[in-house]
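# What the coordinates show
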Amino acid sequence: MNQMKFKIPKYDKYTNYFLSALLFVIDYLSIVLAEQSAFVLRNWIVSDGGTLHISWLNFWVVFPLLYLLFLNIEQLYNRRMQFWQVIEKIFQASLYAVVAIVIVLYIGKIAASTSRMFIVLLWLFSFIYLTVFRYLTKKFLEKIQLLQIPVLIIGAGKTAELLVKGIINDAGMGYKIIGLLEDNCVRNGILKRFLFR
């Protein structure tokens, strides 16, 4: 039995706050990039229909805040979940945000001057960029072992091995396995990589 001492760093207590702030910034940048991509592509496709103009307030503040609001409502800043669930929630949040943007445009009486193609492209690019940038961020943080929640697994049987594989193979969870608590010795398998208590 391996009896090593492991001390959890103090910053691990604040992991959820730091990760939420980092994801908020990454999401904001993803949304602005999606807006820019949709804007450029729409003006390139419809070159003879005139250039689309969007106010700076809508581009930098209103549209991104609507997206961030729905991402927050879908609990993408305060819940750990498997990455396929993250993708599902991003899809829903993007859809709701685009509907909210259309409503805001109609209320502001500027819907007639806003391209439908821009709105569709914005939804498409925002879904793609939010998913890709979140995945890359989570994988990078996992690789450098930063902003991961430390987990001690009780048991070292088949169920524990399946749990460890699930945690290791999923980018959305953000857990760092610090060890296993088991009174029997483990001879082989994936569990040999972790500390035993």
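Turning our eyes to something else, we now look at the overall build of the chain. Along the backbone of the chain there are five helices and two strands. Order of helices (α) and strands (β) in the chain, N terminus to C terminus: α-α-α-α-β-α-β. Buried residues in the chain amount to 43% of all 197 residues. Nonlocal contacts in the chain, meaning residues at least 24 apart in sequence, comprise 75% of its contacts between residues at least 6 apart. When the accessible area of the chain is evaluated, it comes to approximately 11,800 Å², of which 66% is carbon and sulfur surface.

Examined bridge by bridge, strand 1 (residues 149-154) and strand 2 (residues 175-181) share six bridges and lie parallel to one another. When the sheet's bridge partners are listed, Leu152 is paired in strand 2 with Gly179. Crossover connection from strand 1 via helix 5 (residues 158-169) to parallel strand 2: handedness right-handed.

Okay, helix 3 (residues 83-107) next. The end-to-end C-alpha distance of helix 3, which contains 25 residues, comes to 36 Å, matching closely the 36 Å that a straight helix rising 1.5 Å per residue would cover. Every buried residue belonging to helix 3 is among Phe83, Val86, Ile90, Ala93, Ser94, Ala97, Val98, Ala100, Ile101 and Leu105, and all of these are buried. Buried residues along helix 3 sit against helix 2 (56-73) and helix 4 (116-143). Backbone geometry just after helix 3 places Lys109 at a positive phi near 60°.

On to the environment of Thr137, then. You can see Thr137 is positioned in helix 4. For Thr137, a relative accessible area of 12% corresponds to the buried category. The spacing of Thr137 and Leu22 is 115 residues in sequence and 9.0 Å in space, taken between C-alpha atoms. When neighbours within four sequence positions are excluded, Thr137 is seen to be in contact with Leu22, Leu23 and Ile26. Among the polar contacts made by the side chain of Thr137, one reaches the main-chain carbonyl oxygen of Phe133 at a distance of 2.7 Å.

This part is about the packing of aromatic side chains. For the structure shown, the criterion picks out ten aromatic pairs. On the basis of an interplanar angle of 55° and a centroid distance of 6.0 Å, the ring pair of Phe70 and Tyr96 is categorised as tilted. Here the residue Phe70 occupies a position in helix 2, and Tyr96 occupies one in helix 3, the gap between them amounting to 26 residues. Among the residues examined, Tyr96 registers a relative accessible area of 41% and is labelled partly exposed. Ring geometry for Phe91 versus Trp123: centroids 5.6 Å apart, planes at 80°, classification edge-to-face. You can see Phe91 sitting in helix 3 and its partner Trp123 sitting in helix 4, a full 32 residues away along the chain.

Another point: the packing of helix 2 against helix 3. One way to put it is that helix 2 packs onto helix 3 with a least axis distance of 8 Å and a crossing angle of 135°. Classified by the interaxial angle, the pair formed by helix 2 and helix 3 is oblique. The chirality of how helix 2 crosses helix 3 is right-handed. Taking contact as the criterion, the partners of Asn58, Val62, Phe63, Leu66, Tyr67, Phe70 and Leu71 in helix 2 are, on helix 3, Ile90, Ala93, Ser94, Tyr96, Ala97, Val98, Ala100, Ile101, Val104 and Leu105. Looking at side-chain class alone, the contact of helix 2 with helix 3 contains 15 nonpolar, two polar and no charged residues.

With that out of the way, let us pick up the nonpolar core. Residues Tyr67, Leu71, Ile90, Ile101, Phe118 and Leu122 are the most contacted members of the largest nonpolar core, which totals 35 residues. Once residues within four sequence positions are removed from consideration, Tyr67 is found in contact with Ile31, Ser94, Ala97, Val98, Ile101, Leu122, Trp123, Ser126 and Leu130. Ala160, Val164, Ile167 and Leu180 belong to the second-largest nonpolar core, a separate cluster that totals seven residues.

Scoring rules and cut-offs
- Residues numbered from 1 in each chain as written.
- Predicted model: local features only at pLDDT ≥ 70, side-chain atom pairs only at ≥ 80, totals over all residues.
- Heavy atoms only, no water.
- Helix = DSSP H or I, 4+ residues; strand = E, 2+ residues; numbered from the N terminus.
- Buried < 20%, exposed > 50% of the residue type's maximum accessible area, 1.4 Å probe, protein only.
- Contact = heavy atoms within 4.5 Å.
- Areas by Shrake-Rupley, 256 points an atom, 1.4 Å probe, with all protein chains shown as cover.
- Pairing = 2+ DSSP bridges.
- Right-handed = clockwise from strand over helix to strand, strands pointing away.
- Expected span 1.5 Å × (residues − 1).
- Polar contact = N/O pair within 3.5 Å; in protein donor to acceptor, adjacent residues only side chain to side chain.
- Phe/Tyr/Trp six-rings, centres within 6.5 Å; stacked < 30°, edge-to-face > 60°.
- Axes fitted to C-alpha atoms, helices over the stretch in contact; angles between N-to-C directions.
- Parallel < 35°, antiparallel > 145°, perpendicular 65-115°, else oblique.
- Left-handed = near helix turned anticlockwise from the far one by under 90°.
- Nonpolar A, V, L, I, M, F, W, Y, C, P; charged D, E, K, R; others polar.
- Core = buried A, V, L, I, M, F, W, Y, C linked by side-chain atoms within 4.5 Å.

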